[in-house]
Structure formats: C-alpha cells, structure tokens
Amino acid sequence: MLRKLLTLLTIFALALIPAGLAQDATIGIIGGADGPTAIYVAGEWTDGLGRAVEIPESVDGVVSLTAANTEILYAMGAGDLLVGVDEYSNYPEEANALPRMGDYSGPNVELIAASGADVVFASTTLQQDAIEKLDALGLNVVCVEPTNLEELYEGVHLIAAVVGADAAPLLAEMSASLAETSAAVPEDMEPVSVYFALSFGEYGDYSAGPGTFIDEMIAMAGGTNVAGDSDYAWPMYSLESIVAADPDVILISDYGDGSTVDQFCALEGYGQLRAVQEGHVYALTDDLISRPGPRITEGFQQVVDALADAGAYD
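Keep in mind that this is a model prediction, so the values were computed, not measured.

A. Up close: the pattern of salt bridges. Scanning the model with the defined rule gives eight salt bridges in all. A salt bridge links Arg51 to Asp47, with the shortest nitrogen-to-oxygen separation between them at 3.1 Å. Notably, a salt bridge pairs Lys133 with Asp129, separated by 3.3 Å at the nearest N-O pair. Placement of the pair is Lys133 and Asp129 together in helix H4 (residues 128–136), with a separation of four residues, close to one helical turn. The class for Lys133 is partly exposed, based on a relative accessible area of 43%. With a relative accessible area of 48%, Asp129 lands in the partly exposed category. Connected through shared salt-bridge partners, Glu71, Asp287, Arg291 and Arg295 make up one network.

B. Highlighting the nonpolar core. Membership of the largest hydrophobic core comes to 60 residues, with the highest contact counts inside it found for Val62, Met76, Phe121, Val163 and Leu251. Setting aside residues no more than four positions away along its own chain, Met76 makes contact with Val156, Ile159, Ala160, Ala165, Asp166, Ala167 and Leu170.

C. Geometry of unusual backbone geometry. Following Tyr91, the chain continues to Pro92 via a peptide bond in cis, the omega torsion being -5°. With respect to the helices and strands, the residue Pro92 is situated in the loop between strand S6 (82–85) and strand S7 (102–103). Of note, the phi angle at Asp246 is positive, near 40°, even though the residue is not glycine. With respect to the helices and strands, Asp246 occurs in the loop between helix H8 (239–245) and strand S13 (249–254). Assessed through its relative accessible area of 24%, Asp246 is described here as partly exposed.

D. Seen up close, H4. Those residues of H4 that sit buried are Ala130, Ile131 and Leu134. Relative to the axis of H4, the buried residues are bounded by an arc of 100° and lie together on one face. Those residues of H4 that are buried lie in contact with strand S8 (106–107), helix H3 (109–114), strand S9 (119–122) and strand S10 (140–143).

E. Summary view of the packing of aromatic side chains. Enumeration over the complete set of coordinates arrives at five aromatic pairs. An angle of 80° between the planes, with centres 5.2 Å apart, marks the rings of Phe200 and Phe264 as edge-to-face. Of this pair, Phe200 sits in the loop between strand S11 (192–197) and helix H7 (213–220) while Phe264 sits in helix H9 (residues 260–266), placing them 64 residues apart in sequence. Phe200 gets classed as buried once you look at its relative accessible area, which sits at 12%. Looking at Phe264, the relative accessible area reads 0%, which means it is buried. Counting every residue linked through ring pairs, the aromatic cluster contains Phe200, Phe264 and Tyr270. For the cation-ring pair, Arg295 lies above Tyr91, with the distance from its terminal atom to the ring centre recorded as 3.7 Å.

F. Layout of the confidence of the model for the protein chain. Model confidence for the protein chain is summarised by a mean pLDDT of 85, while 86% of its residues fall at 70 or above. Segment residues 1–42 is flagged for pLDDT under 50; beyond a separation of four residues in sequence, or across chains, it makes 74 contacts in the model.

G. Representation of the sheet that holds strand S5 (residues 62–64) in the model. Ordered by their spatial adjacency, four strands build an open sheet running S6-S5-S9-S10, and the pairing between neighbours is parallel. The two strands at the open ends of the sheet, each matched to only one other strand, are S6 and S10. Neighbour-to-neighbour, the strand axes of the sheet open up by a mean angle of 20°, direction not taken into account. Of the strand pairs in this sheet, S5 and S9 are connected by three bridges, and their pairing is parallel.

H. Representation of the side chain of Ser175 in the model. Note on placement: Ser175 falls in helix H6 (residues 168–182). A residue is classified by how much of its surface remains accessible, and Ser175, at 3% relative accessible area, is buried. Within the local environment of Ser175, its side chain forms a polar contact with the side chain of Tyr153, the two groups lying 2.6 Å apart.

I. Inspection of the layout of surface pockets at higher detail. Space inside the largest pocket adds up to approximately 750 Å³. If you list the elements that add at least two residues to the lining of the largest pocket, you get helix H2 (67–75) and helix H11 (286–289). Considering every element that reaches the lining of the largest pocket, the biggest residue donor is H2, with three residues. Across the lining of the largest pocket, the residue classes break down as twelve nonpolar, seven polar and five charged. There is about 240 Å³ of room inside the second largest pocket. Forming the boundary of the second largest pocket are 13 residues, of which Phe200, Tyr203, Tyr255, Thr260 and Gln263 lie nearest the centre.

Scoring rules and cut-offs
Residues numbered from 1 in each chain as written. Predicted model: local features only at pLDDT ≥ 70, side-chain atom pairs only at ≥ 80, totals over all residues. Heavy atoms only, no water. Salt bridge = Lys/Arg side-chain N within 4 Å of Asp/Glu carboxyl O. Helix = DSSP H or I, 4+ residues; strand = E, 2+ residues; numbered from the N terminus. Buried < 20%, exposed > 50% of the residue type's maximum accessible area, 1.4 Å probe, protein only. Core = buried A, V, L, I, M, F, W, Y, C linked by side-chain atoms within 4.5 Å. Contact = heavy atoms within 4.5 Å. Arc of directions from axis to C-beta. Phe/Tyr/Trp six-rings, centres within 6.5 Å; stacked < 30°, edge-to-face > 60°. Lys NZ or Arg CZ within 6 Å of the ring centre and 35° of its normal. pLDDT = per-residue confidence, 0-100. Pairing = 2+ DSSP bridges. Axes fitted to C-alpha atoms, helices over the stretch in contact; angles between N-to-C directions. Polar contact = N/O pair within 3.5 Å; in protein donor to acceptor, adjacent residues only side chain to side chain. 1 Å grid on protein atoms, 1.4 Å probe; cavity = no way out; pocket = protein on both sides within 12 Å on 5 of 7 lines; lining within 4 Å. Points joined across faces, edges and corners; volume = space filled by probe spheres on them. Nonpolar A, V, L, I, M, F, W, Y, C, P; charged D, E, K, R; others polar.

Structural data, given as structure tokens:
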C-alpha cells in the first residue's frame, strides 16, 4: 500500500507542470520499483518571472540567492554544484561553509560574476536590480520563488531541469510526508479559526493571506485562516481586526530566540484575545514555514501539532 501511495503521489507531483511552464522541454519518464522517474533534457522553460529560460547543456557551478533554493538543490543531491549562496542559506550544515554572495535583498553582483557559476537561481521579488545587472553581464539567471504548494512543485521541477537532476524522488517524499500528516486531521472536525502572525507589535501585524502556502497549510490542517479573505498575499492586519476576529488559535513565526510567544502575549492589547487567555498561541519555526522548500512538510507538521494541542481534533 505504501509503494502504491508513493507511486500515485509521484504521478500527481509530475502532473503539476502546467502547460505554460514547460514550453519546449523534453520530459521522459521511465519506470522503477518505487514508481516513475522523470528525466529532463535540454530545452526552454519559463521561470518565476515568466521569462523564457534556456536550459544549459551542462552545469558545473551554481549560485543560489535564496535559502529555499539552496535547500532544494541539496535535497535533490545537487548541493555539490553550489559555488556560492546568500547570507540566509544556513541549511543543511554544509551550506554554511559556502562563499556568501550578499544577502537576500542585496546580492553582490561582482562576487556572483567572479564565481564562475553557469546558473544563478534568484528571487522573484527583491532582487530585480541585481538580476538586470547579471543579465547584462551574460549570466544565466533563473528566478524561482514559489508562493504556494503548486508553485513549489513547479519550482522543484524547474531547478531539476536546469541542473540535470531528477525531481521525482524529492517530490514523492514531500507529497508522501504531507499526505501522512494530513491523515491525522479528522474529516468531520468543527471549524477552527486560525490567525498567523508573520510579525507583530512594532514590526506591524503582518499575516499570510490567500494564495500562500501558509494559508494552504492552515486549510489542510482543518483550520480557517482569519486573513484568508484579504486582498493581499501578505496583508497588514490591525490589532483591532485581530481582536474582532478573536481566533481560536494563533500561530507565530518564530525566528529562533524561543521567546516569541511570551513577547506576543505580553504586548498591550493582545492579552484580551481568547487564544492568549486559553494558552492556544504557538510558535512555528520560521525557516520551516516561510521557506518554500523541502522542509515545508515539517512546517505543516508543526501546524497540525499546534491545532491538535489546542484540542481542535478532539
């Protein structure tokens, strides 16, 4: 049964390539004991900015300017191709030894150009100026930064195609993990309202809105995202709006100091929230729930664990 499930999930992941993603790329599928394996050859694809990307015949060196893409490369067994990464690429441990090419919002174009990389995997948002300069220098820049789970699968496919790796094992593993965690969520559970705090207090009450993988994970865990009806993917929420929604559960992005929940609950105004009074405020590891990479499955497990602790599944 497990092998059958993995095979079905692999086929599902492979089927997530939309018609517009692969324009002129050849995809071959061969059979294996644990299901199909996708093999990609040179061709033209479309990246996260909608740009046609010519797949090199061979790739010997890669620079990754997002931590998520760094994790994807390692997870596919292509980490040895990396010759440079951004400042936030801290996983797996081997990534910490790689040369730094600037931070997420300020890539160092000179260092990247001097790295000898055949391909640069860049962001779709804050790196536009650097991307234009790298393009002008003739470097092969591929922009991959998913905002939801479907785009994450697509991004894994694209990165695999560029570096000549096999995406199928990683996608099967991710899909199986998500399915296993989802199995713990009752189908007939009572509605649970959930508010996700990307930031709070002096940094602004930013949350995760529709079309984001955090919104999807909350729904997959049986929750209703308070910010799910927002007009923006990452909306600013006022404290008054949070109090008015009075969510059953509050999830907070934790950046590693371990005091995030206490800080949230201690701020003026937040203490009147029912979730605070009932102890249903939970810290989620930021690297797991905000990075669109392989460990998003661990982030989803944390969401499910939080709702289970809050009694949502009783």
